[in-house]
Every structure is written in structure tokens, then in C-alpha cells.
Amino acid sequence: MKPEPVRSETESVEEGSGATPPAASAATPGAPTEHWTVDGLEDTPRGPVARLELPDGRTIVRPVSDLPPGVRGGDLLAVTDGPDGVTLRLLPEETAARRRAAQATLDTLNAAGRATLPLNDDGDITL
């Protein structure tokens, strides 16, 4: 089975090609949009790829060229299915909120751990 085409929101479309520009391929208002998480980016012999985590927990691998420019690990992507395939759009505000929430959780866990561990005056764990 051939994977369906994926276009980043910033990908250009040649005029007269019959293809719909990315902005026009967005789902109708109120239609659900999936959110995928960029689990990681890596170089492979075939070029850079991204591991993308889907809402159901599955992970897929796509070429980085399919993603919007500037994508980083941990970014959240809006995925909209349209007549020309899937359009991916970075969600910087949602990504930042998710990173803040993760950092707050980590800070809470670290504080709880520090309270229960025997530390010396330098802050090192006493064994």
C-alpha cells in the first residue's frame, strides 16, 4: 500500500496544476483535526525522517520533507485531511503549553524526590 501524500501547510502549489493550495484544503469548520506529536528526528541513509506519534499511540515514520519547516522533536502538529492529501501545520502555542505542563510535572517529581533522598551539604545523594 502506498502512503497517502502529505504536504506541509507552507508547501507551494504550481498554478494551473489543478491542485488546491494548502489553506483551501483545510477541513470544514467544526470538523475534527487530529494532533500528531513529533517523537523524534533522525538521519537515515535515505535522508532525515521523523517519528510521529498518532493519537492512538501508534508511531509512523515520515520524511522530514513532508513536515513544516523548522519542526523539532516534541512539536505538536495539526493534521487535516483534504482533497489533495493530508496537510500538516505546526501548533506552536499548543506545543509551548504542553512543554510547560511537562516541565511543571518534572519539577514536582524532582521536588518530591529531593524531599525523600538523603542529601549532603553539596546537594549530592548520600549513599
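Note that the structure is a prediction, hence the values are computed from the model and not measured.

Rules used throughout
- Residues numbered from 1 in each chain as written.
- Predicted model: local features only at pLDDT ≥ 70, side-chain atom pairs only at ≥ 80, totals over all residues.
- Heavy atoms only, no water.
- Core = buried A, V, L, I, M, F, W, Y, C linked by side-chain atoms within 4.5 Å.
- Buried < 20%, exposed > 50% of the residue type's maximum accessible area, 1.4 Å probe, protein only.
- Contact = heavy atoms within 4.5 Å.
- pLDDT = per-residue confidence, 0-100.
- Salt bridge = Lys/Arg side-chain N within 4 Å of Asp/Glu carboxyl O.

A. View of the nonpolar core. Trp-36, Val-38, Ala-50, Leu-52, Leu-54, Leu-67, Val-71, Leu-77, Val-79, Val-86 and Leu-88 together form the largest nonpolar core, which totals eleven residues. Apart from residues lying up to four places away in sequence, Ala-50 is in contact with Gly-40, Leu-41, Ile-60, Val-61, Arg-62, Val-64 and Leu-67.

B. The arrangement of the confidence of the model for the protein chain in detail. On average, residues of the protein chain carry a pLDDT of 79, and 75% of them reach 70 or more. This model gives residues 9-27 a pLDDT under 50, and the stretch forms 29 contacts once residues within four places in sequence are excluded.

C. Geometry of the pattern of salt bridges. Under the counting rule described, the total for this entry stands at five salt bridges. The shortest N-O distance in the salt bridge between Glu-42 and Arg-51 comes to 2.4 Å. Between Arg-62 and Asp-66 there is a salt bridge whose closest N-O contact spans 3.0 Å. When salt bridges with common partners are traced through the structure, they connect Asp-39, Glu-42 and Arg-51 into a single cluster.

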